[in-house]
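# Notes for the structure review
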Amino acid sequence: MKAQPEQLTEVSALEEKFQLATYKKMPIVAERGEGVWLYASDGQKYLDLYGGHAVAGTGHSHPHVVAAIVEQAEKLLFYSNLVFSDVRARAAEKLISIAPESLTKVFFCNSGTEANENAMRMARLATGRENVITFSGGFHGRTADAISATFLGKYRELGKPNVPGHLQAEFGDIESIRKVADETVAAIMLEPIQSMAGVRAAAPQFFRELRKLCDELGIVLIYDEVQTGIGRTGEWFFAGSEAGGGIVPDVITLAKALGSGIPVGACLVSEKIASHIKENDLGTTFGGGMIAMGAITATLEAIENDSMLENVKEVEAYFRSRITDVPEVTEVRGLGFLLGLEFAEKAAPIHKLLLERKVITGTSSDPQVLRLLPPLCLKPAEIDLFVDELKTVIVNLHAQREA
């Protein structure tokens, strides 16, 4: 086996030669994964508290999910929505069975941004209106309509010329919404917890007032649960949860952990919205493909079989008790396994030193917030390891600054 520096040099050179440089990459040649661990090509293992952008919900290469993918691949890799499919029917049934009661239909697509695009289109079709309200700090994807709905940092600028009809309000502030909400607004779309903005949350009362406002004005309420969905908050969805005031939107969008790493997105939709959608109003070549559908069913089964929702709640509580040992952490934001650690100083140096010590975390648009988006199978022993490594990193960082 090649030494890691040699392989890293070779692989990075190939990627840089043939691939557009759109991401700043970690110096890791990822080879395999198991649970919360990511293994590099030389066998070095990393504690993965980021899950590849919150995708590895069931853990890396969960055996039940892998077996389902292999079984389906041996039968049929793909056929389009022009045929009926048993594996698609079972995935739809399973997903609706865990959804809030009022959401009774699903539309399958390929990604979070595509789910959000289609959710906004459904709202416009259902209301005959054009405008969509989204929030400062929200991120909804990089395709045309989704990036135009993203009022976070530079992203909307990158999407110019923007799709018209997008209005901005302040997250958590119902009065700011009232100023722009009128009979021209088709939908209000939000991330219930704003992940990339630094794991920003709102009070339960905000969601109750928002639901009431939407009902009064005939506005479709959309929750972008691309990150908060599929168990990450300790519930299947933020929608309907105590943290969200028990409120259920008209549409929930999903992706990320939905297929445990197989690209797939979905919109969960109420009967009221579904009644306005006709044949050919929506479409996608690969959405509802057999491999992705098998992955969805197996993902949901794995979460149930391994009691991962209960695990998220228990381990989050343990994490909050342990992180008090690190006084440099001034606040723990978020819920379940979507957590933001706020520091008094910039988080980037801590992120870098943790990576050197084989711990993968994430940064955010808030320079003082480190994000944790681990697999739902994370255990207390791995929390102990992280806290110990974090304490060591902070000691080393202080030493560097004093040197």
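Placed above this text is the structure.
My aim in this report is to walk through the structure given alongside it, one point at a time. (Residues numbered from 1 in each chain as written. Predicted model: local features only at pLDDT ≥ 70, side-chain atom pairs only at ≥ 80, totals over all residues. Heavy atoms only, no water.)

## Considerations on the overall build of the protein chain
Definition in use: Secondary structure elements are defined from DSSP: runs of H or I of at least 4 residues count as helices, runs of E of at least 2 residues count as strands, and each element is numbered from the N terminus. Note on exposure labels: buried denotes an accessible area under 20% of the residue type's maximum, exposed denotes more than 50%, and partly exposed covers the range between, all computed with a 1.4 Å probe on protein chains only. Contact between two residues is taken to exist if any of their heavy atoms lie within 4.5 Å; hydrogens are not considered. Note on areas: Shrake-Rupley, 1.4 Å probe, and residue coverage restricted to the protein chains presented here. The charge count includes Lys and Arg as positive and Asp and Glu as negative, but it does not include His or the ends of the chains. Taken as the charge centre is NZ of Lys, CZ of Arg, CG of Asp or CD of Glu, depending on the residue.
Across its full length, the protein chain holds 14 helices and 14 strands. Across its three principal directions, the C-alpha atoms of the protein chain cover 65 × 55 × 45 Å. Burial status across the protein chain gives 54% buried among its 403 residues. Restricting to contacts in the protein chain with at least 6 residues of sequence separation, those with at least 24 account for 71%. Entry remark: accessible area of the protein chain is about 18,300 Å², with carbon and sulfur atoms responsible for 54%. Once the 40 positive and 53 negative side-chain charges of the protein chain are each reduced to a mean point, those two points are 3 Å apart.

## Some thoughts on the pattern of salt bridges
Selection criterion: Criterion for a salt bridge: a side-chain nitrogen of Lys or Arg within 4 Å of a carboxyl oxygen of Asp or Glu.
A full pass over the atoms with the stated rule returns 21 salt bridges. Between Arg178 and Glu175 there is a salt bridge, and its shortest N-O distance comes to 3.3 Å. Pair noted here: Arg178 and Glu175 are both in helix H8 (residues 174-178), with a separation of three residues, about one helical turn. Judged by its relative accessible area of 39%, Arg178 is partly exposed. Since its relative accessible area comes to 46%, Glu175 is described here as partly exposed. Three or more residues are tied together by salt bridges with common partners; here these are Glu331, Arg333, Glu342 and Asp366.

## Comments concerning the environment of Thr284
So the rule is basically this: In the analysis that follows, any N or O atom pair within 3.5 Å is treated as a polar contact, provided that within protein one partner can donate a hydrogen and the other can accept it, and provided that, for residues neighboring in sequence, both atoms belong to side chains.
Secondary-structure assignment places Thr284 in the loop between helix H10 (271-274) and helix H11 (290-305). Taking C-alpha positions, Thr284 is 49 Å from Leu397, a pair spaced 113 residues apart along the chain. In contact with Thr284, other than residues within four places in its own chain, are Asn81, Phe107, Phe108, Cys109, Asn110 and Glu114. A distance of 3.0 Å separates a polar atom in the side chain of Thr284 from a polar atom in the side chain of Asn110.

## Quick look at the nonpolar core
The line we're drawing: Residues belong to a common nonpolar core when they are buried Ala, Val, Leu, Ile, Met, Phe, Trp, Tyr or Cys residues joined through side-chain atoms within 4.5 Å.
Ile177, Phe237, Ile323, Leu341, Phe386 and Leu390 are the most contacted members of the largest nonpolar core, which has 91 residues in total. At seven residues, helix H14 (residues 380-402) tops the list of elements feeding residues into this core. Ignoring any residue separated from it by four or fewer positions in sequence, one finds Phe386 in contact with Leu47, Leu49, Phe319, Ile323, Leu341, Leu354, Val359, Thr361 and Leu372.

## Focus: the packing of helix H12 (residues 308-322) against H14
Quick note on the threshold: Each axis is a line fitted through C-alpha atoms, taken for helices only over the stretch in contact, and angles between the N-to-C directions span 0 to 180 degrees. Oblique is the label for every angle not falling under 35 degrees (roughly parallel), over 145 degrees (roughly antiparallel), or within 65 to 115 degrees (roughly perpendicular). Two helices crossing with the near one rotated counterclockwise from the far one by less than a right angle form a left-handed crossing, whereas a clockwise rotation gives a right-handed crossing. Each residue is assigned to one class: nonpolar for Ala, Val, Leu, Ile, Met, Phe, Trp, Tyr, Cys and Pro, charged for Asp, Glu, Lys and Arg, and polar for all the others, Gly among them.
For the pair H12 and H14, the least separation of the axes is 10 Å and the interaxial angle reads 25°. One element, H12, and the other, H14, form an angle in the roughly parallel class. When the axes of H12 and H14 are compared, the crossing they make is right-handed. Residue-level contacts link Val315, Tyr318, Phe319 and Arg322 of H12 to Pro380, Ile383, Asp384, Phe386, Val387 and Asp388 of H14. Looking at side-chain class alone, the contact of H12 with H14 contains seven nonpolar, no polar and three charged residues.

## Details of the packing of helix H4 (residues 86-98) against H11
The interhelical angle for the contact between H4 and H11, taken along N-to-C directions, is 35°, at an axis separation of 8 Å. Crossing handedness for the pair H4 and H11: left-handed. Contacts from Val87, Arg88, Arg90, Ala91, Lys94, Leu95 and Ile98 in H4 reach Met290, Met293, Gly294, Ile296, Thr297, Leu300, Glu301 and Glu304 in H11. Of the residues contributing to the contact of H4 with H11, the split by class is eight nonpolar, two polar and five charged.

## A few points about a nonpolar patch on the surface
This is how it is decided: Residues with no salt bridge and a relative accessible area higher than 30% make up the patches, which join like charges within 9 Å and nonpolar side chains (Val, Leu, Ile, Met, Phe, Trp, Tyr) within 5 Å.
Taken together, the side chains of Leu76, Tyr79, Leu82 and Val83 present a nonpolar region at the surface, about 410 Å² in accessible area. The residue Val83 is located in the loop between helix H3 (63-75) and H4 in this model. Of the residues examined, Val83 reaches a relative accessible area of 33% and is grouped as partly exposed.

## Considerations on unusual backbone geometry
Lys160 connects to Pro161 through a cis peptide bond whose omega is 0°. Tracing the backbone through its elements, the reader meets Pro161 in the loop between helix H7 (155-158) and strand E6 (166-169). The phi torsion at Ala54 lies on the positive side, around 70°, for a residue other than glycine. Mapped onto the elements, Ala54 comes out in helix H2 (residues 51-54). The buried category is assigned to Ala54, whose relative accessible area is 1%.

## A look at the packing of aromatic side chains
Defined as follows: Two rings belonging to Phe, Tyr or Trp (six-membered ring only in the last case) form a pair when the distance between their centres is within 6.5 Å. Interplanar angles under 30 degrees mark stacking, angles over 60 mark edge-to-face geometry, and anything in between is tilted. Ring-over charges, as used throughout, are those where CZ of Arg or NZ of Lys falls within 6 Å of the ring centre and within 35 degrees of the ring normal.
Following the criterion strictly, the structure yields ten aromatic pairs and no others. Plain terms: the ring middles of Phe135 and Phe206 are 6.2 Å apart, the flat faces sit at 80° to each other, and that makes the pair edge-to-face. Of this pair, Phe135 sits in strand E5 (residues 131-135) while Phe206 sits in helix H9 (residues 204-217), placing them 71 residues apart in sequence. When sorted by exposure, Phe135 lands in the same class as Phe206, which is buried. When the ring of Phe171 is compared with that of Phe206, the centres are 5.9 Å apart and the planes differ by 70°; the resulting orientation is edge-to-face. Of this pair, Phe171 sits in the loop between E6 and H8 while Phe206 sits in helix H9, and the two are 35 residues apart along the sequence. Taken together, Phe135, Phe171, Phe206, Phe207, Tyr223 and Phe238 form an aromatic cluster joined through their ring pairs. The cationic tip of Arg32 hangs over the ring face of Tyr39; the distance from NZ or CZ to the ring centre is 3.9 Å. Positioned above the aromatic ring of Trp37, the side-chain terminus of Lys45 is 4.3 Å from the ring centre.

Just distances and angles here, no functional claims.
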